[in-house]
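Architecture and fold: a report
Okay, here's what each chain looks like letter by letter:
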Amino acid sequence: MGSHGIKDRVAIVGMGCTRFAEHWDKGVDQLLLASTGEAFASAGLDKEQVDAFWLGTAQSGMSGLTLSKPLQLQDKPVTRVENYCATGSEALRQAAYAVASGAYDIAMAVGVEKVKDSGYQGLNAFPIPNDGTQRTLTAAAMFSMVAPAYARRYGVTDGEMRTVLARIASKNHANGARNPRAQFRREMSVERLCAMPAVAGRLSVFDCAGVADGSAAAIVVRAEDAHRYTDKPLFIKALSLIAGNGSGLMDPAYDYTTFPEIAASAREAYAQAGVQSPLEELAMAEVHDCFTPTELVLMEDLLLAERGSAWKRILDGAYDLDGVLPVNPDGGLKSFGHPVGATGLRMMFEAWLQLRGEAPADRRISTYGSRSLALTHNLGGYPGEMVSFVSILGTS
C-alpha cells in the first residue's frame with residue numbers, strides 16, 4: 001500500500017458551499033467570502049483562529065493572494081494548489097495532512113472557480129509546452145469512447161446502453177432538482193434524454209456535466225479536538241490520490257472499460273479505512289460523473305458492482321436515492337455543476353449534510369441512520385491519463 005493513511009487522526013468540523021451556477025453578479029472574491037463565511041460559522045470560528053489555508057483553483061488565481069486578499073488575512077500561510085479537476089480534493093488532502101503532522105492545529109481547505117464570464121465556453125487548461133503530439137479530441141469525445149467499448153466487451157446493445165446512460169443522467173437530475181445549491185434543477189425523463197441528438201460520439205449534451213462558478217470550504221482539526229467545535233464532526237478515514245503515467249494512451253491493450261488510476265486509489269482508500277465490503281458498509285458515494293459513461297465505469301472501479309454488471313444495477317435503481325447505495329444524492333457534476341477548483345470539496349459538503357442528518361427529507365439517503373461512512377471520488381484528466389482521488393469519511 002502506498003500510504004499508511006491518517007485514519008481517525010483528523011476531523012472536518014465546519015463546511016460551507018455556495019450555489020454552483022452562472023454567477024454573473026459575483027466574482028471570485030464574493031464566492032470565496034460566501035463559502036468560507038459559512039464554514040467559519042458552522043465551526044464557531046473566525047479567520048484569525050485558523051492557522052493555515054490551502055486554496056484550490058485551476059484558473060481563477062495564481063497564488064495564495066487569491067484568498068488572502070478578499071479574506072484580509074494577516075500573517076497567515078496560504079498555499080495555492082492545482083491538480084486538474086481533483087483540485088478541491090487536493091486542497092483538503094494537504095490541509096488534513098498538515099494537521100495530522102502536528103504542524104498546525106486548525107487548517108482550512110477552500111476551492112473556487114469563476115469561469116462563466118471569462119470569455120470561454122468551457123474548461124480551458126493553460127497551454128503547456130509539449131512535443132506537438134498531444135491529442136486533438138475534446139474531453140467529451142475522449143470519454144464518449146467508454147460507452148461503445150463497454151457495450152462491446154459486456155454484450156450490451158446500443159439501445160440498452162443509451163437507456164443506461166439516460167438513466168444515470170435522469171437519476172442525477174432528479175436529485176439536483178431537489179437541491180437549491182445545484183446549477184440545473186429540472187428533472188429529465190429517460191425517454192426525453194434518449195431522444196437527445198448526439199454531439200460527441202454517442203453522447204448528447206445531457207450526458208455531459210455543466211461548467212459553473214462556485215466555491216466550497218472545509219475546516220479541519222485534530223480528531224481529539226473535534227468536539228470543541230461541533231457535536232457532529234466527520235472523521236477522515238482515508239485519503240488516497242493516484243497520479244497515472246499516461247501509459248493508457250500508448251497501450252494498444254487499453255480498452256476504455258476501466259480507469260486503472262481509479263481502481264488503484266479505491267483499493268488504497270479501502271485499505272486505509274479498513275472497509276471490506278464497500279457496497280454494504282458505505283452509506284453513500286459522491287462520484288465524478290463528468291460524463292454519464294464515467295459514472296457507469298466508476299461503479300465497477302470503485303468496487304460498487306462486479307465487472308460487467310454495473311449497467312444492470314443502474315437500470316435496477318441500485319444507486320438511486322432510495323437504492324441500496326445512493327450515488328450522487330446532491331445531483332453530482334451532471335446536475336450540481338462543475339467549478340473545477342470547488343468540486344472535490346462540494347462532494348464532501350454533501351457527505352457533511354447527509355451523514356449529519358441535515359439534508360432535507362426529500363433527498364435524504366435511504367441508508368441514513370444505518371450506515372455511517374461516505375465515499376467521495378474526484379478525478380482529473382482523460383481515460384488513459386488521469387489523476388484520481390478517493391476519500392472516506394465517517395461520523396465516528
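Notes on the structure in this doc start here. Here the structure is a predicted model, which is why all the values come from computation and not from measurement.

Each value, and the rule that gives it
The residue numbers shown here count from 1 along each chain, following its written sequence. Selection of residues for local features in this predicted model requires a pLDDT of at least 70, selection of side-chain atom pairs for listing and counting requires 80 or more, and totals for whole chains, interfaces and linings are taken over all residues. Only heavy atoms go into the side-chain values, all of them from the structure, while hydrogens and water stay out. Here a strand is any run of E in DSSP of at least two residues, a helix any run of H or I of at least four, and the numbering for each starts at the N terminus. Radius of gyration means the value over C-alpha atoms here, while the globule rule gives 2.2 Å times the residue count to the 0.38 power. Only protein chains enter the accessibility calculation, which uses a 1.4 Å probe; a residue is then buried when its area is under 20% of its type maximum, exposed when over 50%, and partly exposed in between. The contact rule is simple, with two residues in contact once any of their heavy atoms fall within 4.5 Å. Surface accessibility in these figures is a Shrake-Rupley result with a 1.4 Å probe; residues are shielded only by whichever protein chains are displayed. For the purpose of counting charges, residues Lys and Arg are taken to be positive, whereas Asp and Glu are taken to be negative. His and the chain ends are not included. A charged residue contributes its charge at one atom only: NZ of Lys, CZ of Arg, CG of Asp or CD of Glu. For helices, the fitted axis covers only the stretch in contact; all axes are lines through C-alpha atoms, and the angles between them, taken along N-to-C directions, range from 0 to 180 degrees. Convention used here: angles under 35 degrees read as roughly parallel, angles over 145 as roughly antiparallel, angles from 65 to 115 as roughly perpendicular, and any remaining angle as oblique. Residues are grouped as follows: Ala, Val, Leu, Ile, Met, Phe, Trp, Tyr, Cys and Pro are nonpolar; Asp, Glu, Lys and Arg are charged; every other residue, Gly included, is polar. Lining residues are those with an atom within 4 Å of a point, where the points come from a 1 Å grid over the protein atoms alone and group into cavities, where a 1.4 Å probe fits but cannot get out, or pockets, open sets with protein on both sides within 12 Å along at least five of seven lines. Grid points are joined across faces, edges and corners, and a volume is the space filled by probe spheres set on the points.

**Structural notes on the overall build of the chain**
A count of helices and strands for the chain gives 13 helices and 11 strands. Taken over the C-alpha trace, the chain has a radius of gyration of 20 Å; the compact-globule value for 396 residues is 21 Å, and the two agree within 12%. Along the longest, intermediate and shortest principal axes, the C-alpha atoms of the chain span 60 × 50 × 40 Å. Relative to its full complement of 396 residues, the chain shows a buried share of 61%. Once local pairs closer than 6 in sequence are excluded, the contacts in the chain between residues at least 24 apart make up 79%. When the accessible surface of the chain is totalled, it reaches about 15300 Å², and 50% of it is carbon and sulfur. A distance of 2 Å separates the average location of the 37 positive side-chain charges in the chain from that of its 44 negative side-chain charges.

**Considerations on the packing of helix α3 (residues 87–101) against helix α13 (residues 343–355)**
Where α3 contacts α13, the axes come no closer than 5 Å and their chain directions differ by 70 degrees. When the axes of α3 and α13 are compared, the pair comes out roughly perpendicular. Contacts between α3 and α13 involve Gly 88, Ser 89 and Leu 92 from the former and Gly 344, Leu 345 and Met 348 from the latter. Within the contact of α3 with α13, the residues separate by chemical class into three nonpolar, three polar and no charged.

**A look at empty space enclosed by the protein**
Any empty space left between the atoms is revealed when a probe the size of a water molecule rolls over them. Scanning all chains against the criterion turns up one cavity of 30 Å³ or more. A volume near 40 Å³ is recorded for the largest cavity. Lining of the largest cavity is provided by Arg 167, Ile 168, Lys 171, Glu 295, Ile 314, Gly 317, Tyr 319 and Asp 320. The element best represented in the lining of the largest cavity is helix α6 (residues 158–176), accounting for three residues. Its residues assigned to classes, the lining of the largest cavity shows three nonpolar, one polar and four charged.

**Quick notes on the environment of Glu 48**
Take Glu 48: it is sitting in the loop between α1 (28–43) and β2 (52–56). Sequence-wise, Glu 48 and Glu 187 are 139 residues apart; in three dimensions their C-alpha atoms are separated by 43 Å.

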